Amino acid sequence: MHGLRRRIPVFEAAVIAAALLGTAQLAACSRLPFHSHTVKLGDIRVYYEVHGHGKPLLLLHGGAGDGRQFSNQVPAFEKKFRVIVPDERAQGRTTDGAGPLTYHVMAEDMIALMDHLHLERVDIMGWSDGGIIGLDLAIHHPDRIAHLVTFGANFHPAGLRDDDREWQATASAESFGPDSKTAYEKQNPDPGHWEIAMNKVLDMWRTEPRMSLAELASIRAKTLICAGNRDLIKPAHTDSLARAIPGAWLWIVPDASHSAMMEHPELVNRVVLAFLADRALPAGTAVR
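Here the structure is a predicted model, which is why all the values come from computation and not from measurement.

For helix α12 (residues 265–276), which comprises 12 residues, the first-to-last C-alpha distance of 16 Å matches the rise-based estimate of 16 Å (1.5 Å per residue) to within 8%. Every buried residue belonging to α12 is among V268, N269, V271, V272, L273, A274, F275 and L276, and all of these are buried. Immediately beyond the C-terminal end of α12, within one or two residues, lies D278, with a positive phi of roughly 60 degrees.

Our focus in this paragraph is the pairing of strand β7 (residues 222–228). As a general feature of sheets, a regular strand has side chains that alternate between the two faces. Extensive coverage of β7 is indicated by the burial of six of its seven residues. With five bridges joining them, strand β6 (residues 145–151) and β7 adopt parallel strand pairing. From the neighbouring strand, T150 faces β7, where its bridge partner is I225. Note that β7 and strand β8 (residues 249–253) share five bridges and pair parallel. The partner of A227 across the bridge, within β8, is I252. The handedness of the β7 to β8 crossover, carried by helix α10 (residues 235–244), is right-handed.

Further remarks concern the confidence of the model for the protein chain. Across the protein chain, pLDDT averages 90, with 88% of residues at or above 70. Confidence drops under pLDDT 50 across residues 1–33; counting only partners more than four residues distant or on other chains, this segment forms 73 contacts.

This part is about the environment of I132. Looking at the element boundaries, I132 is found in helix α5 (residues 129–140). I132 sits in the buried class, given a relative accessible area of 1%. Distance in space between the C-alpha atoms of I132 and T150 is 7.7 Å, their sequence separation being 18 residues.

Next up on the list: the packing of helix α4 (residues 103–116) against α5. Direction vectors running N to C along α4 and α5 enclose 70 degrees, while the axes themselves pass 9 Å from each other. The orientation of α4 relative to α5 falls into the category roughly perpendicular. Across the interface between the two elements, Y103, H104, M106, A107, M110 and I111 from α4 touch D129, I132, I133, D136, L137 and H140 from α5. Among the residues making up the contact of α4 with α5, the classes are represented as eight nonpolar, two polar and two charged.

Moving on: the nonpolar core. Counting 56 residues, the largest nonpolar core has L135, L137, M198 and L216 as the members making the most contacts within it. One finds V74, V149, F151 and L273 within the second-largest nonpolar core, a separate group that totals 28 residues.

So, about unusual backbone geometry. Residues E208 and P209 are joined by a peptide bond in cis, for which omega reads 0 degrees. Here P209 shows up in the loop between α8 (194–207) and α9 (213–217). Of note in the backbone geometry, A90 takes a positive phi value of approximately 70 degrees without being a glycine. Inspection of the secondary structure assignment puts A90 in the loop between β4 (81–86) and α4. Among the residues examined, A90 registers a relative accessible area of 0% and is labelled buried. Phi at S128 is positive, roughly 55 degrees, even though this residue is not glycine. Tracing the backbone shows S128 in the loop between β5 (122–127) and α5. Residue class for S128 comes out buried when judged on its relative accessible area of 3%.

Our next topic: the packing of aromatic side chains. Considering all chains together, one arrives at four aromatic pairs under this definition. The interplanar angle of 85 degrees and the centroid separation of 6.1 Å between the aromatic rings of W167 and F176 together place this pair among those described as edge-to-face. In textbook terms, an aromatic cluster arises when at least three aromatic residues are bridged by ring pairs, as seen for W167, F176 and W205. It is K222 that lies over the ring of W249; its NZ or CZ is 5.3 Å from the centre.

Criteria and thresholds
- Residues numbered from 1 in each chain as written.
- Predicted model: local features only at pLDDT ≥ 70, side-chain atom pairs only at ≥ 80, totals over all residues.
- Heavy atoms only, no water.
- Helix = DSSP H or I, 4+ residues; strand = E, 2+ residues; numbered from the N terminus.
- Expected span 1.5 Å × (residues − 1).
- Buried < 20%, exposed > 50% of the residue type's maximum accessible area, 1.4 Å probe, protein only.
- Pairing = 2+ DSSP bridges.
- Right-handed = clockwise from strand over helix to strand, strands pointing away.
- pLDDT = per-residue confidence, 0-100.
- Contact = heavy atoms within 4.5 Å.
- Axes fitted to C-alpha atoms, helices over the stretch in contact; angles between N-to-C directions.
- Parallel < 35°, antiparallel > 145°, perpendicular 65-115°, else oblique.
- Nonpolar A, V, L, I, M, F, W, Y, C, P; charged D, E, K, R; others polar.
- Core = buried A, V, L, I, M, F, W, Y, C linked by side-chain atoms within 4.5 Å.
- Phe/Tyr/Trp six-rings, centres within 6.5 Å; stacked < 30°, edge-to-face > 60°.
- Lys NZ or Arg CZ within 6 Å of the ring centre and 35° of its normal.

In structure tokens:
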């Protein structure tokens, strides 16, 4: 895909496919009614969208992508929630700041956005990097997070499959392919920043996250940990994540990869909406 001569790891394929313009999912999202905004928060300008009305729900996208990864979730969620969909620092339509990219810095960006929107408490659904940001928020700001749902999140770099870690060890911005660069240049306010931004993402993936079991045990949000049964996160790692968080539920999505929410949107949406509403999950949903 996109000029690479070797097998593309699931992680890379999922991130690139979700980040590029012109896919069917992005086209579908472009037809949704929404209010888009840009706000200066500290040293960056954050792009975010607001859909629907009700209890606030923050959707956090995967690495090297943007909020349009949730094009299959927003139409279902906006009927029940005020859905806030930001682009993270250095990605999508949000600018970068000084220094390295870290999950904690991006989590603090989200607290600044919540403060800007006068949101005392939110529910969070995060995919991949977005799930990691959600974990960081739940650890460091326990009073601000009510429900947390993660898909394909890890709490340590060793949680990724060995082949994906091997790819990360030698990857550079060019490894994402020319379409990634074209998409970034079309939408980001600083189009010449693509190489720096993508290399920051890769540096972060190689070294983070590094959350201790004690930190995970401090989480008080009602939590649902999800992963595909063919996810790039090792099954034992996902299981350890769920076991470390008091009262967390674990759902392994059948017949799904790292991109479970894109592959099975109707199922994912039903389960997540039931969980956020504190209802019984749909019949046949196997959780621990």
